[in-house]
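One-letter residues, chain by chain:
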Amino acid sequence: MSWTPPVHVLLSPITGDNGSEIEQIQLKPLYYAAQKEALARAGDDEDDQFFELAKLATGLSVKELDQLKRPDYVSIAQYVYEMSTRPASYFLERQDEQSVDPDQVQLLQPLNVAGRSMTSLTLEMPVLRATKAMKKLKTAKERAELITAHCTGLMLPDLDLLTVPDWTQLQVRIDDFLNKPADFFRSATSK
């Protein structure tokens, strides 16, 4: 079961850089590494951040994006916001969420790792040694990347290939691993 990003039909067509008329935009998933780079380019201004992420999500140039009517841009910004804040399960719209193993994470987009395509990841609880190593790192982002790699079995460069919703989904469960007591996991699995 694979997720496909939506198509946004424009209220008002725009002219592409090549002179063609653009009437709809096939939106794209945001990927972790590309999002990090775009946010670094944008700086602290929220409007600039959304604009950089809208370029990623649409594949449009600055000149093309600048032609969008405001309601079209608001729709794209809403998609960018959801991509940036919602877990993969939000997009996959699972009906039977209760029976799903929280440590078996269904990916929004397949991940190519060492020549094989993965559609899900199995999470492992971190060992104390890993959390001690994590605490020695300087930034929250470095700590999150180290512990995510540890819990997923992925290498750090592989994390960059995750969609942002996949990253978000993983962080929710890893936060449980780092902060919940053992009884939380016993009660969660004894249903």
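Keep in mind that what you see is a predicted model, and the values were worked out from it rather than measured.

Caption draft 1: Seen up close, the overall build of the protein. Within the protein, the secondary structure is distributed over 10 helices and 4 strands. Along its sequence from the N terminus, the protein presents helices and strands in the succession β-β-α-α-α-α-α-β-β-α-α-α-α-α. Summarising its shape, the C-alpha atoms of the protein cover approximately 60 × 40 × 30 Å along the three principal directions. The proportion of buried residues among the 191 residues of the protein is 40%. Summarising the internal contacts of the protein: among those between residues at least 6 apart in sequence, 55% fall at separations of at least 24. Of the charged side chains in the protein, 21 are positive and 28 negative; the average position of the first set lies 8 Å away from that of the second.

Caption draft 2: Fine view of a negative patch on the surface. The grouping of Asp 44, Asp 45, Glu 46, Asp 47 and Asp 48 at the surface amounts to a negative patch. Tracing the sequence through the fold places Asp 45 in the loop between α1 (32-42) and α2 (46-58).

Caption draft 3: Broad picture of unusual backbone geometry. For Ala 114, which is not glycine, the phi torsion reads 50 degrees and is therefore positive. Relative to the helices and strands, Ala 114 is located in the loop between β3 (104-113) and β4 (116-122).

Caption draft 4: A look at the pairing of β3. Where β3 meets β4, 6 bridges bridge the pair, whose relative direction is antiparallel. In the strand pairing of β4, Leu 111 is matched with Met 118. Between β3 and β4, which pair antiparallel in sequence order, lie 2 residues; one of them, Ala 114, sits at a positive phi of approximately 50 degrees.

Caption draft 5: Focus on the environment of Leu 111. Its location among the elements puts Leu 111 in strand β3. On the basis of relative accessible area, Leu 111 is assigned to the buried category, the value being 1%. Through-space distance from the C-alpha of Leu 111 to that of Asp 158 is 8.2 Å; in sequence the pair is 47 residues apart. For Leu 111, the residues in contact, after removing those within four places along its chain, are Arg 116, Ser 117, Met 118, Leu 154, Asp 158, Leu 161 and Leu 162.

Caption draft 6: Molecular detail of the nonpolar core. Of all hydrophobic cores here, the largest spans 25 residues; its most connected members are Trp 3, Ile 25, Leu 30, Leu 68, Ile 76, Met 83 and Leu 108. Within the residue set of this core, elements represented by two or more residues are β1 (7-15), β2 (21-26), α2, α4 (70-85) and α5 (88-92). For this core, the element with the most residues is α4, which contributes 6 residues. Among residues more than four places away in sequence, those in contact with Met 83 are Trp 3, Pro 29, Leu 30, Phe 91, Leu 108, Val 164 and Pro 165. Counting 22 residues, the second-largest nonpolar core is a separate cluster that includes Tyr 32, Val 113, Phe 177 and Phe 185.

Caption draft 7: Highlighting the packing of α1 against α2. Between α1 and α2, the least distance of the axes is 8 Å, while the angle of their chain directions is 140 degrees. Here α1 runs over α2; the crossing is right-handed. Contact with α1, carried on its side by Ala 34, Gln 35, Ala 38, Leu 39, Arg 41 and Ala 42, involves Asp 48, Gln 49, Glu 52, Leu 53 and Leu 56 of α2 and no other residues of that element. Across the contact of α1 with α2, the residue classes tally to 6 nonpolar, 2 polar and 3 charged.

Caption draft 8: Inspection of the environment of Arg 129 at higher detail. Here Arg 129 lies in helix α6 (residues 128-135). Residues Arg 129 and Ile 147, spaced 18 residues apart in sequence, show a C-alpha to C-alpha distance of 11 Å.

Caption draft 9: A look at the packing of aromatic side chains. One pass over the structure, following the stated rule, counts 6 aromatic pairs. Where Tyr 32 meets Trp 167, the ring centres are 4.1 Å apart and the plane angle is 20 degrees; that geometry is what we call stacked. Placement of the pair is Tyr 32 in helix α1 and Trp 167 in helix α9 (residues 164-179), with a sequence separation of 135 residues. Assessed through its relative accessible area of 2%, Tyr 32 is described here as buried. Residue Trp 167 is classed as buried on the basis of its relative accessible area, which comes to 10%. Residues Phe 51 and Tyr 73 carry aromatic rings whose centres are separated by 6.5 Å and whose planes lie at 35 degrees to one another, so their mutual orientation is tilted. Here Phe 51 is found in helix α2, whereas its partner Tyr 73 is found in helix α4, with 22 residues between them in sequence. Under the relative-accessibility criterion, Tyr 73 is labelled buried at 13%. Directly above the ring of Tyr 90 sits Arg 86, whose terminal nitrogen or CZ lies 4.3 Å from the centroid.

Parameters at a glance
- Sequence positions are assigned chain by chain, starting from 1 and proceeding in written order.
- Side-chain atom pairs in this predicted model are given and counted only at pLDDT of 80 or more, local residue features only at pLDDT of at least 70, and totals for whole chains, interfaces and linings cover all residues.
- Calculation of side-chain values draws on the structure's entire complement of heavy atoms; hydrogens and water are dropped beforehand.
- Put simply, DSSP H or I for four residues or longer makes a helix, DSSP E for two residues or longer makes a strand, and each gets a number counted from the N terminus.
- In this scheme, a residue with accessible area under 20% of its type's maximum is buried, one over 50% is exposed, and one in between is partly exposed, where area comes from a 1.4 Å probe on protein chains only.
- We call two residues contacting when some pair of their heavy atoms lies within 4.5 Å.
- By the counting scheme adopted, Arg and Lys are positive, Glu and Asp are negative, and His together with the chain ends is not counted.
- One atom stands in for each charge, and that atom is NZ of Lys, CZ of Arg, CG of Asp or CD of Glu.
- Each patch is built from residues lacking any salt bridge and having more than 30% relative accessible area; the joining distance is 9 Å for like charges and 5 Å for nonpolar side chains (Val, Leu, Ile, Met, Phe, Trp, Tyr).
- Note that accessible areas follow from Shrake-Rupley with a 1.4 Å probe, and for residues the cover is restricted to the protein chains shown.
- Any Lys or Arg side-chain nitrogen located within 4 Å of an Asp or Glu carboxyl oxygen qualifies as a salt bridge.
- Any two strands between which DSSP finds at least two bridges are classified as paired.
- Here, nonpolar core means buried Ala, Val, Leu, Ile, Met, Phe, Trp, Tyr and Cys residues that are tied together by side-chain atoms lying within 4.5 Å of each other.
- Angles run from 0 to 180 degrees between N-to-C directions of axes, and those axes are lines fitted to C-alpha atoms, restricted for helices to the stretch in contact.
- The handedness criterion is simple: a crossing whose near helix is rotated anticlockwise from the far helix by less than a right angle is left-handed, and one whose near helix is rotated clockwise is right-handed.
- Each residue is assigned to one class: nonpolar for Ala, Val, Leu, Ile, Met, Phe, Trp, Tyr, Cys and Pro, charged for Asp, Glu, Lys and Arg, and polar for all the others, Gly among them.
- When two rings of Phe, Tyr or Trp (its six-membered ring) have centres within 6.5 Å they constitute a pair, described as stacked for plane angles under 30 degrees, edge-to-face for angles over 60, and tilted for the intermediate range.
- Two conditions define a charge sitting above a ring: the NZ of Lys or the CZ of Arg must be within 6 Å of the ring centre, and it must be within 35 degrees of the ring normal.

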